[in-house]
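The primary structure of each chain is shown beneath.
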Amino acid sequence: MSLRLYNTLSRSVEPFVPAHPPRVTFYSCGPTVYDFAHIGNFRSFLAADLLRRYLEFSGYQVRQVMNMTDVGHMVDDEAADGGGPDKLEVARQRLLESKKAGKLPPGVSLDPDDPYAIGSFYAEAFLADARVLGLKVASEMLEDPSLMPRPTQYVPQMIALTKKLIDDRHAYVASDGVVYFDVQSFPEYGQLSGNTLDQLRSGAGGRIDEANQAVKKHPADFMLWKPDPTHLMRWPSPWGEGYPGWHLECSAMALDLLASGDERTIDLHSGGEDNIFPHHECEIAQSRGVTGAKHFARHWFHPRHLFVEGEKMSKSKGTFLTVRDLLARGYGPAAIRLELIKTHYRSNANFTFQGLKDTDRMTARWRAFVERGEASGSDRPADEAVAREFADAMDNDLNIAGAMGAVNKWIGQAAEPSRADAALMRRLDTVLGVLELPEQADAALLERLGIASAGGSVDAAHVEQLIADRNAARASRDFKKADAVRDELAAMGIEIKDGPDGTTWTQRPR
RNA sequence: GGCCGGAUACCCAAGCGGUCCAAGGGGACGGAUUGCAAAUUCGUUAUUCGCGGGUUCGAAUCCCGCUCCGGCCUCCA
């Protein structure tokens, strides 16, 4: 068996075949850095991470690039032609307010008037969160920063692409001075999203600013460069000082970092389902307009959106949870990661706190299994059947639930685990990526992220004292008092556990 | 209106025509263990897969219709 993966381009599950195995080139549309990323963002990035890890498990060598969008695009991005306040301007206002309210994380000296500093601030926050959740590319980029590029570093390449598109008659300068891509010059526009130019034309009625439409050859024509000397971020160009269109950056970076030389096609491209149209559709048109290749990406991977407690989450509704929120409430990185990857990537996952508790239990059991195995004196070889079952499930369009079922069944049935069993579990975990993460976010991590625990800081010495009191009461068989102390601790959010090596305690998530 | 998904027990969820009186996790319930808990462990928890037809020797799995839910169609991962 080998991996079969749904390809948005063909709307079917098909064998994943890179151009030059065992190498795989993989471009992932990453976050925008105008704000903290929410768990919905992370669900999509982690789905890409899971895919990437499974490819590596299967023997591929993956080069994954993930961008961090830091060019300030418009909030009210009518036809992607610019309108409404700049997103970076919005972020700047928000940061200024935080600064005034003294809410900026300690140790951060940030000039909110510097748009690059704003982007850097949120980019660093994203990288920190991503590493907490085991996003591999976020760790790799410490060695090779080009793996997580930012479009403000790629403006010359974007200008070069625009020039070539104009030269090749795929783009034109309209009467308003804006450079547009001419969708009618690219007959396959719409293939990825299942649109046709006619549908797009009729669908455009009433939704698009008339004045703006008037200058374009087709309503679906999208902006490549907008001259605007008042924009917060702007660069000189042959079409005047201004800024690039928001689809262009991914074409520029993917082609430059993954398809340089003779190679004009990348193997894999991922992004949230909302990116299918227009973003990826436009990327394909631009990129193939430049390269002339049959494909921009051979395989398109689009995880679906995450719901929270049954409700759609979105930035505009403000119903989003961040990784920091969950850590502050006492949930551990391992459980958060598993909760976000445990549902098939093409289903709308529903994030719930109940689910987070489920996954917390599951990771604890896996961890205990590995710890017992590694401490075991048994040389009994591992039963490789679970690895086959695991791989069979994952080969089937990343059937993560089936793969987890195989792991759980194995762990449930296995006798005392041997060292080989523990090693096998660790091997499977190179895909799942949860055992390598801490079970609990410790104080040092919380401080590094600049967040305070919502539970307040627990006075560890006080807790230890109460536990000592309780154990003294137990020793004198005063169980009434012992239970009273335990209730007191519980009221503080502390759970205790009497083990063979004494009493341990943990702070319960809130 | 166009395009694309989905409906499996209390919750999450696998299942891709027979080996399904349907995996796995959580929860609940009962037993062992424990001073009591927690953890662990054993057992129980869907003769049934949204509804109605059909194809087939055989359907949760294929086809048709219906109902409901969701996504995208230029803010969004």
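The coordinates are above.
Described below are features of the structure shown in this document. What you are looking at is a predicted structure, and each value in this text was computed from that prediction instead of being measured.

Time to look at the environment of Leu-55. Checked against the element boundaries, Leu-55 lands in helix α1 (residues 39–57). Linking Leu-55 and Leu-142, residues 87 residues apart in sequence, is a C-alpha distance of 22 Å. In contact with Leu-55, not counting residues within four places along its chain, are Leu-3, Phe-16, Val-24, Tyr-60, Val-62 and Leu-268.

This part takes up the side chain of Thr-8. Counting through the fold element by element, Thr-8 comes out in the loop between β1 (4–7) and β2 (12–15). Leave out the neighbours within four places in its chain, and Thr-8 touches Leu-192, Ile-276, Trp-300, Phe-301 and His-302.

Across a sheet, paired strands are connected by hydrogen bonds in the backbone, their directions being either parallel or antiparallel. A sheet is described by the order of its strands in space; here four strands give the open sequence β4-β3-β9-β10, paired in parallel fashion. A single partner strand is all that each edge strand has here, and the edge strands are β4 (61–66) and β10 (297–301). Averaged over neighbouring strand pairs, the angle between their axes works out to 25 degrees when direction is ignored. Two elements, strand β3 (residues 23–28) and β4, share six bridges in a ladder whose sense is parallel. Note that in β4 the partner of Ser-28 across the bridge is Met-66. Strands β3, β4 and β9 (266–270) of the sheet are contacted by helix α8 (residues 248–258), whose axis makes an angle of about 160 degrees with β3.

Attention now goes to the pattern of salt bridges. Throughout the structure, instances matching the rule amount to 29 salt bridges. In this structure, Arg-346 engages Asp-397 in a salt bridge whose closest nitrogen and oxygen atoms are separated by 2.6 Å. In this pair, Arg-346 sits in the loop between α11 (333–341) and β13 (349–351) while Asp-397 sits in the loop between α13 (385–395) and α14 (400–413), placing the two residues 51 residues apart along the sequence. Overall, Asp-397 belongs to the buried group, its relative accessible area being 4%. Via salt bridges that share partners, Asp-49, Arg-53, Arg-337 and Glu-436 belong to a single interconnected network.

The next point concerns the pairing of β9. Most of β9 is tucked away: five of the five residues are buried. As defined by bridge partners, β3 adjoins β9 across three bridges and the pair is classed as parallel. From the neighbouring strand, Phe-26 faces β9, where its bridge partner is Leu-268. Here β9 runs beside β10; their pairing, made up of four bridges, is parallel. What sits directly across from Leu-268, in β10, is His-299. Viewed along the sheet, the connection from β9 through helix α9 (residues 276–291) into β10 turns out right-handed.

Cut-offs used in this document
Residues numbered from 1 in each chain as written. Chains lettered and ligands numbered in written order. Predicted model: local features only at pLDDT ≥ 70, side-chain atom pairs only at ≥ 80, totals over all residues. Heavy atoms only, no water. Helix = DSSP H or I, 4+ residues; strand = E, 2+ residues; numbered from the N terminus. Contact = heavy atoms within 4.5 Å. Pairing = 2+ DSSP bridges. Axes fitted to C-alpha atoms, helices over the stretch in contact; angles between N-to-C directions. Salt bridge = Lys/Arg side-chain N within 4 Å of Asp/Glu carboxyl O. Buried < 20%, exposed > 50% of the residue type's maximum accessible area, 1.4 Å probe, protein only. Right-handed = clockwise from strand over helix to strand, strands pointing away.

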